[in-house]
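# Examining the three-dimensional arrangement
As a plain string of letters, each chain reads:
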Number of protein chains: 4
Amino acid sequence: MVIIMKMGATEAEKAAVLSRVEAAGFRPFINPGVERTVIALLGEVDIDKVELVDIFANMAGVERVQLISDPFKLSSRQVHPEPMVVPVGDGGVAIGGSTLVVMAGPCSVESREQILESAAVVRAAGGAILRGGAFKPRTSPHSFQCLGEAGLALLAEARAATGLPIVAEVMDPHEVDLVSQYADMLQIGARNQQNFALLRAVGRSSRPILLKRGPGTKIKDFLMAAEYVLAEGNPNVVLCERGIISFEDATRYTCDINAVPVLKRLSHLPVIVDPSHATGDWALVEPIALAGIAAGADGLIIEVHPDPQHARSDGKQSLKPKRFAALMERLARLAPVVDRQLPLAVRAG
Amino acid sequence: MVIIMKMGATEAEKAAVLSRVEAAGFRPFINPGVERTVIALLGEVDIDKVELVDIFANMAGVERVQLISDPFKLSSRQVHPEPMVVPVGDGGVAIGGSTLVVMAGPCSVESREQILESAAVVRAAGGAILRGGAFKPRTSPHSFQCLGEAGLALLAEARAATGLPIVAEVMDPHEVDLVSQYADMLQIGARNQQNFALLRAVGRSSRPILLKRGPGTKIKDFLMAAEYVLAEGNPNVVLCERGIISFEDATRYTCDINAVPVLKRLSHLPVIVDPSHATGDWALVEPIALAGIAAGADGLIIEVHPDPQHARSDGKQSLKPKRFAALMERLARLAPVVDRQLPLAVRAG
Amino acid sequence: MVIIMKMGATEAEKAAVLSRVEAAGFRPFINPGVERTVIALLGEVDIDKVELVDIFANMAGVERVQLISDPFKLSSRQVHPEPMVVPVGDGGVAIGGSTLVVMAGPCSVESREQILESAAVVRAAGGAILRGGAFKPRTSPHSFQCLGEAGLALLAEARAATGLPIVAEVMDPHEVDLVSQYADMLQIGARNQQNFALLRAVGRSSRPILLKRGPGTKIKDFLMAAEYVLAEGNPNVVLCERGIISFEDATRYTCDINAVPVLKRLSHLPVIVDPSHATGDWALVEPIALAGIAAGADGLIIEVHPDPQHARSDGKQSLKPKRFAALMERLARLAPVVDRQLPLAVRAG
Amino acid sequence: MVIIMKMGATEAEKAAVLSRVEAAGFRPFINPGVERTVIALLGEVDIDKVELVDIFANMAGVERVQLISDPFKLSSRQVHPEPMVVPVGDGGVAIGGSTLVVMAGPCSVESREQILESAAVVRAAGGAILRGGAFKPRTSPHSFQCLGEAGLALLAEARAATGLPIVAEVMDPHEVDLVSQYADMLQIGARNQQNFALLRAVGRSSRPILLKRGPGTKIKDFLMAAEYVLAEGNPNVVLCERGIISFEDATRYTCDINAVPVLKRLSHLPVIVDPSHATGDWALVEPIALAGIAAGADGLIIEVHPDPQHARSDGKQSLKPKRFAALMERLARLAPVVDRQLPLAVRAG
């Protein structure tokens, strides 16, 4: 159930509603960032809901009360009819508006030279955010395990050099503060998508969150993971489709392009696509990137490496700088077909 | 193994190669429709292949001999580097070239009025081929089972009225002749994609074949089904991605957009996408149609119904005429982004 | 809707009900092989069903009228509370009763010697039915394509030598008569499980049918395929779980053992398991065979080959005679745990 | 690569080998719990391995050097040919030996009365370990979130009352110590199966670990997760198959019974099956439990609740005490068929 307050509702009226919500045994959730205050009732209470609707509907300052059928209450479009625009960094980058956002960079931060060169490539081609793994989950404990905090420092140096905000993965609830000191946006990786302790921890952060879909997670459970973040008070979640598992083994994962319009219909949160991890094959990155945008995605996250053949992880799926620039030009031509645009830099190129 | 003959190879030289192939115990397959004659060696022969390569490479008129690693020999791009263009009907429609081809129409032929109205709608919006089920597989034997030959006659009438060639499904090897009397293109439905008796039967037909991917079939086995058709001598096969099964139940099937660039890379055969059956939801047809074309498809097959709410089958996924026209206009804007075009009619509109 | 007649209902009463069913626009289906006559109403009729229930319930000789919620009406346990026992051949073999039935033999009939030796092995170890492919679907048109009618004749010879009834696959609606001349039971292979033309053809046969589940078919659609056979008047269908596709690639298919109790709950038809095709690995055949029986299956179908290393197809999954005998002995010990038994021969061994 | 030392190898010989391993740039891993010392070489080193084999093979005290093809080195049967037996608690319970181990109890600890009654039921029927969620991952943040430490204390009280060791889930790396104070065995839930921070944390614990397979994880990646635990020095890992996702929706998950013999073949670690979460349906628990044991599992984990209809979570899949007792009796009859036994209590019953 959500209670939509009138536009001019007073603080006293809101307070009265809130205390009534608590009296009924619910946890009230005040939805930030919308024109009028919306209060969601959370918790499992054994109560006659229809009667409760009546009570709230008749309180002062309440416009209307709505029963929500979606189980993901806070991430539901039923509660937020307007799309959410998520700001990243303080240079004006925002995901979910009319401008498509492309995040790009290497899979892992390997060296100062590599990340600075990558950042320059990303910026020159019109990318808006720099990505790069410092803490990275590896399927095998015996594989290269990344640079850790030293990698974060290099990312920050690359930000200083290019002005690009940076997104970096966080893997442990107790590392959220550390990663937040460096990164503008925190990534929850696919393997941690149902790590509820971690979701709660980033829900208490002030950084926007890039939430990657687990490869075996249904769309409705994916939204439930977003719900964990939102329920802790962080409204800035960007959803990322990065391929699901299926019987087809011609591609590493099956990029579920269908999820893009389905997520946009169910939720107000922005949606981006990761064609690099989904396909595991650089030659498929461009067609799937274009497909994602054509299907309505708000942006992309792409692996770019100055020298893919010598990358320490996932080189097979990384684009060379030249191919990345070609993709960005193609995207600039595609954007208006779906009533979007790319930043000025690319359009000029 | 394939033997590529020189451009000026004489008939005598070809005959000598063919008889040597047969002497070695193979069935020779002469590949039609390419600039120079290519002879594929079919069959399982227990022989030293390297030695055989030498023998053929030294025969008169032979340019080179190539060992093929793909198991789908005849549908492999290793054998046919140039994309195949498949003509449909005799009015100049061709699938696989620079012009995108949109097939559209109702799921089932229901009445004379319905199919004539549908055909007019399809033509007006720039569709190139009319689809409509006359013999249709239904999961339940107790469901509406279509009009049969009477439906084919109505389709033919719609062709006469609009000039659109027609595609219709064939379900029984012994009905291939009957359906061929009416239809310009024969469709093999998803449920019959590994019905080898049927594949062989249409392989002996002179009609082009629209082969739909089975929802549980891997890409390499899908190409093997095409191989059955090609091996009987019919080179005109169009592949159709129409959704695969997966754990995700938010959409009826998971439209495997990734299959489009993978199929185009592995095979010379044209590829189209069916967003209507894949998603089962008219609201998802446009984003997935655009995604398919953005990923490199040569065309689409779309369900359009003048009155979806009263359709006898699959109304939920059918576009209304107005929405179909809007999709065609959007496609006309998308086409040049992927270096394609739509027929003049749409571009003018 | 089904109409259950009283135990002493007269022919005149039945006839009256039947003509009333037809008058209402339905196709009546009289269910054979149960104590009292049950008449199912098939077809899609736009009619007030509640009113109709009243009409039939008040006719003479009618015990009660039941609305069926399952879409698979004829294969539903709602209609047939008692399990079906399917006789095979005329030597007393029956599937679905208290005796477990093991079908065994080579994947393909390769030679007279091979099939006679296999039959002797199967019989000696206590197998009840001989299997062997004469017409076999092969994914590639370039693979070994089996012996055809000559293979059927060899199977018949093996039956004469051992007394074992034989099961053989039929792939084309127009070969049903031919295969029926030799085989005691007709198999519909997994790839043809939704080949509705073929299902209808075997539905008109008097032979019992072994229906293998398509690897991408949901349980409810699998029962719908059985429904096609039953709807043509053939009540003798045995369902076979043979592995479904999934993301897991450690086994060829994922044998869906869960399907065994689910099918037994939904339908009255017997269920067997094929661990050989499901796993594709002889070393996994015994554990999965035991698991299938432990889960409630009525029998098994197992590949046995006198010389697996030289088998022309699927040798990797075939048991050697000695291992097959060991499996049969283990099964004889397992049977009483699930309140079943094996034929006397095995128990004696 | 693993180095197998001779049975009488001296400490000095071992130390020499270890320092040579480190000199080559590898991290040595000494495998506990086997007759002779086995040293595994971990890490990615760019070195000529064949040459290295020679060097080690010629050192004093070395019996032989083996190159390991499995990527999961420490959990591989190539390294540990003998099955691992994992002790739980100090009352003689051990998983992986000739005695089948059944863990049972409610999904969540709800009250003192509920858990004490459950424990008595489990013990009376012959269960060996008590399960019960105190910290439980819930898909929705708005669902009942369990009792936390108070739940653990109740479990400990139930242990004191019955003598049953207890297994409880841990969700956060920083709660490992807390949960270890109460529980005899730590469970890693399916959603955290690739939470590498958590795997590392329990790898440093002295408690045995129950590792549940992620529903979208391939067998080889499941073993990689075990590898994370083993690599930190904890050799006591029990693997649990609890259902994978698939297209089939007749059961909540598809219990991958095939995984049981595959895991037993690849790894020395014990394997158990969770039919309750896999099927989500109490009526399917018995057939799938029997199937798991028939396929070779070392035990089961079963949800039992004294009053399933009023359970706060997962009541639909919980067995009533009477049905649990019936299952245990059936298991006692099945055990000898697979050369196992149940504890004396059950056999007596």
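Going by the structure above, here's the rest.
Residues numbered from 1 in each chain as written. Chains lettered and ligands numbered in written order. Predicted model: local features only at pLDDT ≥ 70, side-chain atom pairs only at ≥ 80, totals over all residues. Heavy atoms only, no water.

### Some details on the side chain of Glu303 of chain A
Residues and elements named next belong to chain A. When you line up the elements, Glu303 lands in strand β14 (residues 299-303). Side-chain polar atoms of Glu303 contact the side chain of His277, separated by 3.1 Å. Polar contacts involving the side chain of Glu303 include one to the side chain of Gln317, which spans 3.2 Å. Sequence-distant contacts of Glu303, that is, excluding residues within four places in its chain, are made with Gly105, Cys107, Arg131, Ser276, His277, Asp314, Gln317, Ser318 and Leu319. (Helix = DSSP H or I, 4+ residues; strand = E, 2+ residues; numbered from the N terminus. Polar contact = N/O pair within 3.5 Å; in protein donor to acceptor, adjacent residues only side chain to side chain. Contact = heavy atoms within 4.5 Å.)

### Re the relation of the copies chain A and chain B
Each copy of the sequence occupies a distinct position, and chain A is placed on chain B by a rotation of 180 degrees and an axial shift of 0.0 Å, giving an RMSD of 0.1 Å. One copy is carried onto the other by what is essentially a two-fold rotation axis. Judged by C-alpha distance, Ala291 of chain A is the residue of chain A that lies nearest the rotation axis, at 2.0 Å. The residues that chain A uses at the interface reappear at the interface of chain B in 100% of cases, marking a shared surface. (Least-squares fit on C-alpha atoms with pLDDT ≥ 70 in both.)

### Describing the pattern of salt bridges
Residues and elements named next belong to chain A. Under the defined criterion, the tally for this structure stands at 68 salt bridges over all chains. In this structure, the salt-bridge partner of Lys14 is Glu11, at a minimum N-O distance of 3.3 Å. Taken together, the residues Lys14 and Glu11, both in helix α1 (residues 11-23) and 3 residues apart, mark about one turn of the helix. Note on Lys14: relative accessible area 19%, which makes it buried. (Salt bridge = Lys/Arg side-chain N within 4 Å of Asp/Glu carboxyl O. Buried < 20%, exposed > 50% of the residue type's maximum accessible area, 1.4 Å probe, protein only.)

### Examining the packing of aromatic side chains
In this description, an aromatic ring pair is defined by two values, namely the gap between the centres and the angle between the planes. Residue and element names in this part refer to chain C. What the rule picks out here adds up to 4 aromatic pairs over all chains. With a centroid separation of 4.4 Å and 15 degrees between ring planes, the pair formed by Phe196 and Tyr228 is classed as stacked. Note that Phe196 is positioned in helix α6 (residues 196-203) and Tyr228 in helix α7 (residues 219-231), a separation of 32 residues in sequence. There is no split in this pair, since Phe196 and Tyr228 are both buried. (Phe/Tyr/Trp six-rings, centres within 6.5 Å; stacked < 30°, edge-to-face > 60°.)

### Remarks on the packing of helix α10 (residues 282-294) of chain A against helix α10 (residues 282-294) of chain B
Closest axis-to-axis distance for the α10 of chain A/α10 of chain B pair is 8 Å, and the angle between their directions is 155 degrees. Judged by the inter-axis angle, α10 of chain A sits roughly antiparallel to α10 of chain B. The chirality of how α10 of chain A crosses α10 of chain B is right-handed. Residues Pro287, Leu290, Ala291 and Ala294 of chain A of α10 of chain A pack against Pro287, Leu290, Ala291 and Ala294 of chain B of α10 of chain B. Residues belonging to the contact of α10 of chain A with α10 of chain B are distributed by class as follows: 8 nonpolar, no polar and no charged. (Axes fitted to C-alpha atoms, helices over the stretch in contact; angles between N-to-C directions. Parallel < 35°, antiparallel > 145°, perpendicular 65-115°, else oblique. Left-handed = near helix turned anticlockwise from the far one by under 90°. Nonpolar A, V, L, I, M, F, W, Y, C, P; charged D, E, K, R; others polar.)

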